[in-house]
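Residue-level listing of the chains:
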Amino acid sequence: MTKLIKTLLLTASLSSSLFSDTVFDLGAQQFYYCVTDVTNDDGTTSDQYVNASYDVETAIVSTGLISEDGYYRPASSRSGHFGVQLKEPKSKWGITFSMYAYLHNDGCSIQLLGESGQAVMVHFDYVAISYEGKEIEINDFTYGENISGTIMMNGDNIDIIINGHTKFSIKKPNFKLAKVNLSLYTDTSSSIGRIDKLHSLTISTSD
């Protein structure tokens, strides 16, 4: 069993054991990117990928990512995002995610927004994980990296585990999760190896 699979199983079981309600599971449905025609300066037309919103009963999903081969990615040479807004913000919550990121230039990030306007940003690049003005140096990250994580509210702290071994906490009392945003990039490239890919995202809560 690979290290990535072990980490995914651990984070999934940890989230499901602590939180009773799954309010969003990326693997439970398929989202298709929206395309519209735009007219170029020379009079020709080309496809333009646009953001679309989806109502999944417990949350509103917004994304302009392309669905392809079981993952979601930005269009070539573009940036993109995947956002999930909870219809009912919760104070007890957990998130698991996995993605591939090309970390050389832009890196990638996950942002949490609270009901009262609080925000937490965790950014990844090939040398460090950055959050709240702090950095954790990562010696084993490469330009192309598989990143999996668990993020959960634990009392007054947001506990974060990345790739099963990097652990840290952010103190955020009374943080009721309202929205999760993931930013993905292409390193201004059309090479599939330099395009970030979102594989899974699950958000669970409890009363």
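In this report, we go over the structure that sits alongside the text. (Residues numbered from 1 in each chain as written. Predicted model: local features only at pLDDT ≥ 70, side-chain atom pairs only at ≥ 80, totals over all residues. Heavy atoms only, no water.)

### Remarks on the sheet that holds strand β8 (residues 80–90)
In space, the eight strands of this open sheet follow the order β4-β5-β8-β17-β10-β11-β12-β13, with antiparallel pairing throughout. Each of the sheet's edge strands pairs with one partner strand only, and the pair in question is β4 (52–55) and β13 (134–137). The average angle at which neighbouring strand axes cross in this sheet is 15 degrees, direction not considered. Two strands pair when backbone bridges link them, and strand β11 (residues 119–124) and strand β12 (residues 128–131) are joined in this way by three bridges, in the antiparallel orientation. Within the sheet, the bridge partner assigned to Val122 lies in β12 and is Tyr131. (Pairing = 2+ DSSP bridges. Helix = DSSP H or I, 4+ residues; strand = E, 2+ residues; numbered from the N terminus. Axes fitted to C-alpha atoms, helices over the stretch in contact; angles between N-to-C directions.)

### What to know about the packing of aromatic side chains
If you walk through the whole model with that rule in mind, you get 10 aromatic pairs. When the centroid spacing of 6.0 Å and the interplanar angle of 65 degrees are considered together, the rings of Tyr102 and Tyr143 count as edge-to-face. Residue Tyr102 is found in strand β9 (residues 92–102), and its partner Tyr143 is found in the loop between β13 and β14 (144–154); the two are separated by 41 residues along the sequence. Residue Tyr102 is classed as buried on the basis of its relative accessible area, which comes to 11%. Above the face of the Tyr71 ring, Lys197 is positioned so that its terminal group lies 6.0 Å from the ring centre. (Phe/Tyr/Trp six-rings, centres within 6.5 Å; stacked < 30°, edge-to-face > 60°. Buried < 20%, exposed > 50% of the residue type's maximum accessible area, 1.4 Å probe, protein only. Lys NZ or Arg CZ within 6 Å of the ring centre and 35° of its normal.)

### Quick word on the pairing of strand β15 (residues 157–162)
Here β15 shows a clear split, with Ile158, Ile160 and Ile162 buried on one side and none of Asn157, Asp159 and Ile161 buried on the other. Here six bridges tie β14 to β15, and the two strands are oriented antiparallel to one another. Each residue of the ladder has a partner; that of Thr150, found in β15, is Ile161. The loop that links β14 with its antiparallel partner β15 comprises two residues; one of these, Gly155, has a positive phi angle of about 70 degrees. Relative to strand β16 (residues 166–171), β15 runs antiparallel, the two sharing six bridges.

### Topic: the side chain of Thr166
Along the polypeptide, Thr166 turns up in strand β16. By relative accessible area, Thr166 is classed as buried at 10%. Of the polar contacts made by the side chain of Thr166, one reaches the side chain of His165; its length is 3.0 Å. Residues contacting Thr166, with those up to four places away along its chain left out, are Ile129, Ile136, Ile138, Ile160 and Ile161. (Polar contact = N/O pair within 3.5 Å; in protein donor to acceptor, adjacent residues only side chain to side chain. Contact = heavy atoms within 4.5 Å.)

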